[in-house]
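For reference, the chains in residue letters:
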There are 12 protein chains.
Amino acid sequence: MARVLVLHGPNLNLLGTRDPAVYGTTTLAEIDRELVVRAKARGASLRSAQTNIEGELVDLIQGARGRADGLVINPGGYTHTSVAIRDAIEAVGLPTVEVHLSNIHAREEFRHTSLTAAKCIGQICGFGAQSYYLGLDAVLARVEATRADGYPRKTGQRR
Amino acid sequence: MARVLVLHGPNLNLLGTRDPAVYGTTTLAEIDRELVVRAKARGASLRSAQTNIEGELVDLIQGARGRADGLVINPGGYTHTSVAIRDAIEAVGLPTVEVHLSNIHAREEFRHTSLTAAKCIGQICGFGAQSYYLGLDAVLARVEATRADGYPRKTGQRR
Amino acid sequence: MARVLVLHGPNLNLLGTRDPAVYGTTTLAEIDRELVVRAKARGASLRSAQTNIEGELVDLIQGARGRADGLVINPGGYTHTSVAIRDAIEAVGLPTVEVHLSNIHAREEFRHTSLTAAKCIGQICGFGAQSYYLGLDAVLARVEATRADGYPRKTGQRR
Amino acid sequence: MARVLVLHGPNLNLLGTRDPAVYGTTTLAEIDRELVVRAKARGASLRSAQTNIEGELVDLIQGARGRADGLVINPGGYTHTSVAIRDAIEAVGLPTVEVHLSNIHAREEFRHTSLTAAKCIGQICGFGAQSYYLGLDAVLARVEATRADGYPRKTGQRR
Amino acid sequence: MARVLVLHGPNLNLLGTRDPAVYGTTTLAEIDRELVVRAKARGASLRSAQTNIEGELVDLIQGARGRADGLVINPGGYTHTSVAIRDAIEAVGLPTVEVHLSNIHAREEFRHTSLTAAKCIGQICGFGAQSYYLGLDAVLARVEATRADGYPRKTGQRR
Amino acid sequence: MARVLVLHGPNLNLLGTRDPAVYGTTTLAEIDRELVVRAKARGASLRSAQTNIEGELVDLIQGARGRADGLVINPGGYTHTSVAIRDAIEAVGLPTVEVHLSNIHAREEFRHTSLTAAKCIGQICGFGAQSYYLGLDAVLARVEATRADGYPRKTGQRR
Amino acid sequence: MARVLVLHGPNLNLLGTRDPAVYGTTTLAEIDRELVVRAKARGASLRSAQTNIEGELVDLIQGARGRADGLVINPGGYTHTSVAIRDAIEAVGLPTVEVHLSNIHAREEFRHTSLTAAKCIGQICGFGAQSYYLGLDAVLARVEATRADGYPRKTGQRR
Amino acid sequence: MARVLVLHGPNLNLLGTRDPAVYGTTTLAEIDRELVVRAKARGASLRSAQTNIEGELVDLIQGARGRADGLVINPGGYTHTSVAIRDAIEAVGLPTVEVHLSNIHAREEFRHTSLTAAKCIGQICGFGAQSYYLGLDAVLARVEATRADGYPRKTGQRR
Amino acid sequence: MARVLVLHGPNLNLLGTRDPAVYGTTTLAEIDRELVVRAKARGASLRSAQTNIEGELVDLIQGARGRADGLVINPGGYTHTSVAIRDAIEAVGLPTVEVHLSNIHAREEFRHTSLTAAKCIGQICGFGAQSYYLGLDAVLARVEATRADGYPRKTGQRR
Amino acid sequence: MARVLVLHGPNLNLLGTRDPAVYGTTTLAEIDRELVVRAKARGASLRSAQTNIEGELVDLIQGARGRADGLVINPGGYTHTSVAIRDAIEAVGLPTVEVHLSNIHAREEFRHTSLTAAKCIGQICGFGAQSYYLGLDAVLARVEATRADGYPRKTGQRR
Amino acid sequence: MARVLVLHGPNLNLLGTRDPAVYGTTTLAEIDRELVVRAKARGASLRSAQTNIEGELVDLIQGARGRADGLVINPGGYTHTSVAIRDAIEAVGLPTVEVHLSNIHAREEFRHTSLTAAKCIGQICGFGAQSYYLGLDAVLARVEATRADGYPRKTGQRR
Amino acid sequence: MARVLVLHGPNLNLLGTRDPAVYGTTTLAEIDRELVVRAKARGASLRSAQTNIEGELVDLIQGARGRADGLVINPGGYTHTSVAIRDAIEAVGLPTVEVHLSNIHAREEFRHTSLTAAKCIGQICGFGAQSYYLGLDAVLARVEATRADGYPRKTGQRR
């Protein structure tokens, strides 16, 4: 059974508890529950965690070694500057998908690039909660393909 | 019934016909067939087109007005420099999802940003043929949400 | 009788057919008719063409040699990046006026400069359809001045 | 009766008094006279002023409130660096057209952008004295359109 | 009674305990006590906290929702690079004043800009401990004005 | 008795006389009167001046030598480019506080840095008229501290 | 028999038909004829094509697969910005030589670099029509060396 | 007896536990043990700590005051962006040596510079575990030289 | 008899009246007197003027036409940004030498380049008051050489 | 008889003596011999020289005046930074062709531009030893064309 | 017996002969003697050379082939710009350690990066004469490790 | 008796021997003779040297210690990139004046700044041979002032 770890970065804990007229009323807990349901439907297990601290994201990524087969990560504000998260994703070597609620290409210029995505399989941004669901699909597809092959494919590897 | 148009930019016609050991043997025609099947399964119709010419992509985007409810586009090499495609997506106003086979954040620096994605709902990159399938899911979700609402949401709009 | 060619670049064909509350209801065809009327009133003839394809703009500029005495061009999204159009304007050597509907200096930063304008007599931007009418005035004045002189003045030449 | 104020920035007072073989013999006074004639022909009044001092251009723009319905300004060398003139045009809110004798896109790179034009309706450059005449046409068209509408349109507003 | 939270970022805990000849002998505890006294004198309550960890500043900002009416923050070295703190200030929406002991414009070039200040009401820098006292005045003035109005003004909003 | 000179740069004379719904109805004269009252309450005298001309700001700063003990300056649009004002503040050596009505960090990118603030004690921005009142507090605190010390502290000096 | 395809980009069709005093009277047709003669003399066949359209250059490069053993390409104005042509050269994998009539290093700064040359064997610029003849020599040498080896060498490969 | 504190930044805890064929089998614990042995051999004591959290590195540096005579630090991914660590090293004022396992000049361009090294005595990079041993030699030499002198030399001071 | 005009820009009027221990006690008036003496010794007349206002420097340069044969100018803080002064020097066409008291290459980076010097014969910087005396020698040498030739050499002309 | 001088810059003396499996076994001496043979076959004489010292390349270029009719130069690592070699080529005025063994556009970004090529007729890169042979053809063609004309064409001159 | 060559670049010959109060009295000869002693103690031989000429450093590096087993190099002022030295280190392929007396990260910004270090094993900077001694340790460790392995490791290779 | 050393960098040996119509017929030898005469007239001795080699300029500057009291240097093409010459001037500490024949501010952009001038007293450019004569005046004035003072002033020191 494939095991997926979903990591939420800074400020994502506020989701759905503020300005519901603008951001909707979906909370992070609801997204996490939906992810569990969807993972289960595909025969996978899923855990998730949130932290506002960059280094704790590094801890969580490292902790996934041997406990997860794939990662979905939304590094939030650390996306654009965190060499530490980039290095952790590369070092741990699990297939990782980066997701963002908003379309980073349509926001301030400093959000247009991602330092962390370079070490992921790919990136999905702009679809709100659905970004996570698509990310789950993507990482499970990779985990399953790897298993079918019988040998792992490294994260960040060009197809 | 939701109608989706899938547009493939320059060099994507070569997919699957070259270096199968490296790039796999899936051809663009096969991806298009798979997309039709998946759309149909969700009660939608889907057409697709490929061109190497920037201005023909503009023509195709414009031509979608009134004939499609959503777009999936892989602008290929025009992603990073085409103001004309960016303007066309904005002018036509259909919900649009940008997709890329490879992870643009893991390639040459000039590929790290997208001029066209700013006017799309979001972007999906790095998952090979699956990028298209995820993109189809994303655009259909938006089209269906819009219909449920009873009023259209403009492309590029922050959620 | 002075002959003027008016060239419209990408997406200008959509003018007036979309969001009339925002952009007005004047279509490109109406602008072209008005231009013909105004040219005629000054004893000149005028033809116009639109294309979304960069290289066809090059074709049209080249085709003006011997068939037109002056050009009015709105290169649209190609304004900021097209070395090919810049080279065509320089090579053909006809007096050329660059026009834009919107004020390029008040939009995204990548629109603030023009690669093509350097090889034109000058540039007019920000006045909607009137940008074309002012551009026609400007190019006819140059053509007439040249004829009065008895020798041609090259485009791009500082006054 | 529409009232137009024309403002000439630094070094424009030298026009026509130096190197007539190169720059022609038209003086600034002659341009101003021609502008008055043209304004009158369109049922408008026109005054003009020249100064080499950036802050005096700010004074003159501010002084136009209540005394003019539209501005034509050639900020000369201050075009590329003056936040103060930019702010004055925005603060006063009169429809303003920026003009230049030479084609700024064909000169030194530091002249390719305009800080002040962002707060104008639009910009006209490259046509010598005719830039002013076209600018007068443009600003009168805007003033007249505003009057026909019955409500003012702010300067800098995208059409 | 208005409630103010004062947040001190990295290295501010060292204040006054080192090189008293150079930096003075005022400790952070003394500044905090003085802030309490001053807040009380204006009928407000004040709490403060210090941490060297970026994500804990995010935690503290988030925790202020419902427990404080305004924030004074010195993000220290995170001022220039922290998207996470910027996002937290924006998300929480409390009126926030950024303060710095030293004049950031007179130090190394990388300190001249602030990523976090864009989402604050304003910024005060260069006055040593007094920067905090001025910041307290500024945030209380905004909180009181908001109460007088009867409706909240969002942080970051231009006056 | 401490003497303070308050200098207002370009366009500040328009304050309160335009768009009261947006900018409020406080005029510059009212701010100046309030500053006099506040200075008097602290046993100080205060004069103020406004000019749109960069060089006149230099004149006024130079003229403060021997006639004022501290400066509060809002250099307006000259903040970001004026080497001359920067040099004048440094040369005259009076304690100087830079103030701005709006939050420069939340506006166009060219406003994010200040060339003049490097030679001031510090900078206060974003609090509307209150920026001036806080600036007065800050400069008086410095003047009084200097007097208590018995020797002057140079402006721009790191604390 | 080695087969060579020569591709001419935008504006090269004007060669020799304009300003013969400056650019000489050699037309593109004459260059093509000379190339055929020279290829024949080395036992090779040669075809050529010209287009002003970027995407048609992509089409032509793709079409060379299986029909040519080597390419000589002058991408003209597309040299400096075309990711699509760069990708096509890389995808098709034929040995390719980039040529330019003029010395790109002695012209405007935006012409000093080539995006397309990175995927070619090498580049030849500055020798007028001779650039093509040298390019033919270079590509034939590579094709012949490859044949002598018995296995192909990929284009873009460092020697 | 000289006391040295060795600090390991993010991801260094993974050393030696992953891909032994590539990175060798030396773990961080083994490096720490070797460092203790080497320190002892020179009559010094040595402690070490690792954390993935930027602010905890700041805590650890601050905590070294009065408990260590010199620091060896490998800030890992925080090397290139951490103003907080830079400020902590400067504030604490202990002689500090920055070390890196890999040669930062031979990796991605964003790793070529160090923000933190400017406040250290010097930097050693590229020698794997040996970088730490050389760093220990360097910091002990400084500590011993300082003691011989009888007065401390500040870190960051040019020799 | 050759006539020289010496122009002093912003803040130069403070020379010698402040911090004599640092800057010496030579006043601008003394430099002007010395310049008159030196000019006279070479059979030339010399006048000088100082202003803090950029546009007045433009006025003074323009006013030199027909009244001076050469200029020595210290544009002070306007050196690095003034297009208006650059244009005035070019328009007036008198041989002009730019001088600076301090070595601009040894100060802040924004002082390393001169926008105005490009239109002068040359530049002299770093020699205190002597920079003016050397500048006088240089401009007189040019004026005399021109007279010996019998025809004027334009300023800015490469030798 | 045309005389050609071939100059080899730094590290080219190592050619063919190291890693023959990678770089081939052709030595610089063999290239030089082949060049002599080819020159002779075209009725020209040829000498060559190698040095690792930038200034000796300048000496050699200068020494070619009167002793050679054309130059072929591979400035090696000095290509990208040497103003001195650029100036020497311009000063001596002999027709010069720049050659490189490798394709500079496919290597590190700092190798993509050439400072020296701007003063040459053109540049040839990427063809290994053949770059020299093509360079010889190019320079002889220019020398012969010049002789046929009866007047010299300057190096660097656009065709 | 391992053979080490130590190369000193420009201005290092002045060491210890100037301003002894500031730079100490250790001369380069004394450093060289100490290096010989230390090498000998480790059973290695050591030679050293100094030159101010970039190309002679290239000569010396090349000359080390077959005569040395490892290099220690201080390229001085050539560190930041020399492609030729970078290429020589790469071409010769000996394990090389770059050393600097001062901490390049604490000096002018143009010294913060090294072009040459990318092709070395690593870099040591900031420790005065000790930088050389640490560099000797580092290069000998690599040479000895290589010998123990029985196969050479290339310089620049990531560990 | 003051001793001056004049150093001429690359390509200055060509002066006066080429294109006399353009550059005049004054040779470097003639300039050197004139410098000797002028030095003698001021009671000073003068020697001069020319080299095309950067490192030999370093040698010559170093050799001036104890043999000259001041330097005049024209570093030619090395002005803009030579850290080695900059360091040599700083290390030797003799008063040094940088001179250039042409106006570096009126040429290519890469010539607008000088790396070497930062360590000189000042710079003189644009006056042809007269730049040297003015440079001699400047350096002698500094040497004489130093002697009158009785203590040396360091080069590069701000006045």
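Definitions and cut-offs
Residues numbered from 1 in each chain as written. Chains lettered and ligands numbered in written order. Predicted model: local features only at pLDDT ≥ 70, side-chain atom pairs only at ≥ 80, totals over all residues. Heavy atoms only, no water. Least-squares fit on C-alpha atoms with pLDDT ≥ 70 in both. Contact = heavy atoms within 4.5 Å. Salt bridge = Lys/Arg side-chain N within 4 Å of Asp/Glu carboxyl O. Buried < 20%, exposed > 50% of the residue type's maximum accessible area, 1.4 Å probe, protein only. Helix = DSSP H or I, 4+ residues; strand = E, 2+ residues; numbered from the N terminus. Patch = residues over 30% accessible without salt bridge, like charges linked within 9 Å, V, L, I, M, F, W, Y side chains within 5 Å. Areas by Shrake-Rupley, 256 points an atom, 1.4 Å probe, with all protein chains shown as cover. Lys, Arg positive; Asp, Glu negative; His and termini not counted. Charge placed at Lys NZ, Arg CZ, Asp CG, Glu CD. Pairing = 2+ DSSP bridges. Axes fitted to C-alpha atoms, helices over the stretch in contact; angles between N-to-C directions. Buried area = accessible area lost by both parts, 1.4 Å probe. Nonpolar A, V, L, I, M, F, W, Y, C, P; charged D, E, K, R; others polar. pLDDT = per-residue confidence, 0-100. Parallel < 35°, antiparallel > 145°, perpendicular 65-115°, else oblique. Phe/Tyr/Trp six-rings, centres within 6.5 Å; stacked < 30°, edge-to-face > 60°. Lys NZ or Arg CZ within 6 Å of the ring centre and 35° of its normal. Polar contact = N/O pair within 3.5 Å; in protein donor to acceptor, adjacent residues only side chain to side chain.

**Details of the relation of the copies chain K and chain L**
Right, so step 1: Of the two same-sequence chains, chain K is brought onto chain L (RMSD 0.0 Å, axial shift 0.0 Å) by a rotation of 120 degrees. As the rotation angle and translation indicate, the two copies are arranged about a three-fold axis.
Right, so step 2: Take the interface residues of chain K: only 19% of them recur as interface residues in chain L, which is what a contact between different surfaces looks like.

**A word on the pattern of salt bridges**
Right, so step 1: Enumeration over the complete set of coordinates arrives at 108 salt bridges over all chains.
Right, so step 2: Between Glu108(K) and Arg111(K) there is a salt bridge, with the nearest N and O atoms lying 2.7 Å from each other.
Right, so step 3: Exposure remark for Glu108(K): the relative accessible area of 22% places this residue in the partly exposed category.
Right, so step 4: The class of Arg111(K) is buried, set by a relative accessible area of 3%.
Right, so step 5: Asp69(L) is paired through a salt bridge with Arg147(L); the nearest N and O atoms lie 3.3 Å apart. Of this pair, Asp69(L) sits in the loop between helix H3 (54-63) and strand E3 (70-74) while Arg147(L) sits in helix H5 (residues 129-149), and the two are 78 residues apart along the sequence.
Right, so step 6: The class of Asp69(L) is buried, set by a relative accessible area of 17%.
Right, so step 7: Each of Arg86(A), Asp87(A), Glu108(H) and Arg111(H) takes part in salt bridges that share partners, so that together they form one network.

**Concerning the arrangement of the chains**
Right, so step 1: Separated without contact, chain I and chain K have their nearest C-alpha atoms at a distance of 11 Å.
Right, so step 2: As for chain L relative to chain A, no contact occurs, and the smallest C-alpha gap between them is 28 Å.

**A word on the relation of the copies chain C and chain D**
In summary, the two copies of the chain are related to each other by a rotation about an axis coupled with a shift along it.
Right, so step 1: It takes a turn of 180 degrees to lay chain C on chain D, together with a shift of 0.0 Å along the axis; the resulting RMSD is 0.0 Å. Within this description, the copies of the chain are treated as partners about a two-fold rotation axis. Closest to the rotation axis within chain C is the C-alpha of Ile124(C), separated from it by 2.2 Å.
Right, so step 2: Looking at chain C, 93% of its interface residues are interface residues in chain D too, so the copies touch through the same face.

**Comments concerning a negative patch on the surface**
Right, so step 1: Residues Glu56(A), Asp59(A), Asp59(E), Glu56(H) and Asp59(H) make up a contiguous surface patch of negative charge.
Right, so step 2: Residue assignment for the negative patch shows that the elements contributing at least two residues are helix H3 (54-63) of chain A together with helix H3 (54-63) of chain H.
Right, so step 3: Mapped onto the secondary structure, Asp59(H) falls in helix H3.

**Concerning the sheet that holds strand E5 (residues 122-125) of chain E**
Pairing between sheet strands relies on hydrogen bonds along the backbone, with the strands arranged either parallel or antiparallel.
Right, so step 1: One open sheet holds the ten strands; their spatial order is E2(E)-E1(E)-E3(E)-E4(E)-E5(E)-E5(F)-E4(F)-E3(F)-E1(F)-E2(F), and the pairing between them is mixed. If you trace the sheet from one side to the other, it starts and ends with strand E2 (45-50) of chain E together with strand E2 (45-50) of chain F, each paired once. This sheet shows a mean twist of 20 degrees between the axes of neighbouring strands, independent of strand direction.
Right, so step 2: The pairing of strand E1 (residues 3-8) of chain F with E2(F) spans six bridges and is parallel. Bridged to Val4(F) within E2(F) is Leu46(F).

**Overview of the sheet that holds strand E2 (residues 45-50) of chain B**
Right, so step 1: Reading across from one edge, E2(A)-E1(A)-E3(A)-E4(A)-E5(A)-E5(B)-E4(B)-E3(B)-E1(B)-E2(B) is the order of the ten strands in this open sheet, with mixed pairing throughout. Strands with a single pairing partner mark the edges of an open sheet, and in this sheet they are strand E2 (45-50) of chain A together with E2 of chain B. The mean angle between the axes of side-by-side strands here comes to 20 degrees, regardless of whether they run parallel or antiparallel.
Right, so step 2: Inspection of the sheet shows strand E4 (residues 96-100) of chain A paired to strand E5 (residues 122-125) of chain A by four bridges, in the parallel sense.

**Description of the interface of chain C and chain D**
Right, so step 1: Facing 30 residues of chain C, the contacting portion of chain D comprises 29 residues.
Right, so step 2: In total, chain C and chain D occlude about 2,600 Å² of area from one another, counting both sides; carbon and sulfur atoms represent 55% of this.
Right, so step 3: Across the contact surface, chain C and chain D share zero salt bridges.
Right, so step 4: Here the element with the most residues in the side of chain C that touches chain D is helix H5 (residues 129-149) of chain C; it accounts for five residues.
Right, so step 5: Here the residues of the side of chain C that touches chain D are counted per class, giving 14 nonpolar, twelve polar and four charged.
Right, so step 6: Summarising the sheet, strand E5 (residues 122-125) of chain C and strand E5 (residues 122-125) of chain D pair through three bridges and their orientation is antiparallel. Each residue of the ladder has a partner; that of Cys125(C), found in E5(D), is Gln123(D).

**Examining the confidence of the model for chain A**
Residue and element names in this part refer to chain A.
Right, so step 1: Considering every residue of chain A, the mean pLDDT works out to 92; 91% of them sit at 70 or more.
Right, so step 2: This model gives residues 152-159 a pLDDT under 50, and the stretch forms 23 contacts once residues within four places in sequence are excluded.
Right, so step 3: At the level of chain-chain contacts, confidence expressed as ipTM amounts to 0.92, with global pTM at 0.94.

**Quick notes on the packing of helix H3 (residues 54-63) of chain G against helix H4 (residues 83-92) of chain G**
Residue and element names in this part refer to chain G.
Right, so step 1: Between H3 and H4, whose axes approach to 9 Å, the crossing angle comes to 5 degrees. On the basis of the axis angle, H3 is roughly parallel to H4. Counted together, Glu 54, Leu 57, Val 58, Ile 61 and Gln 62 of H3 and Ala 84, Ile 85, Ala 88, Ile 89 and Val 92 of H4 form the full contact between these two elements.
Right, so step 2: Here the residues of the contact of H3 with H4 sort into eight nonpolar, one polar and one charged.

**Observations regarding the packing of aromatic side chains**
Right, so step 1: According to the stated counting rule, one finds zero aromatic pairs over all chains in the structure shown.
Right, so step 2: One residue, Arg38(I), lies across the ring of Tyr133(I), its end atom 4.2 Å from the ring centre.

**What about the interface of chain K and chain L?**
Right, so step 1: Counting residues at the interface gives 16 residues for chain K and 18 residues for chain L.
Right, so step 2: In total, about 1,400 Å² of surface goes out of reach between chain K and chain L, with carbon and sulfur atoms giving 49% of it.
Right, so step 3: Summed over the shared surface of chain K and chain L, the result is two salt bridges.
Right, so step 4: Applying the counting criterion to the chain K and chain L interface returns eight residue pairs in polar contact (both at pLDDT 80 or more).
Right, so step 5: When its residues are assigned to classes, the side of chain K that touches chain L shows five nonpolar, seven polar and four charged.

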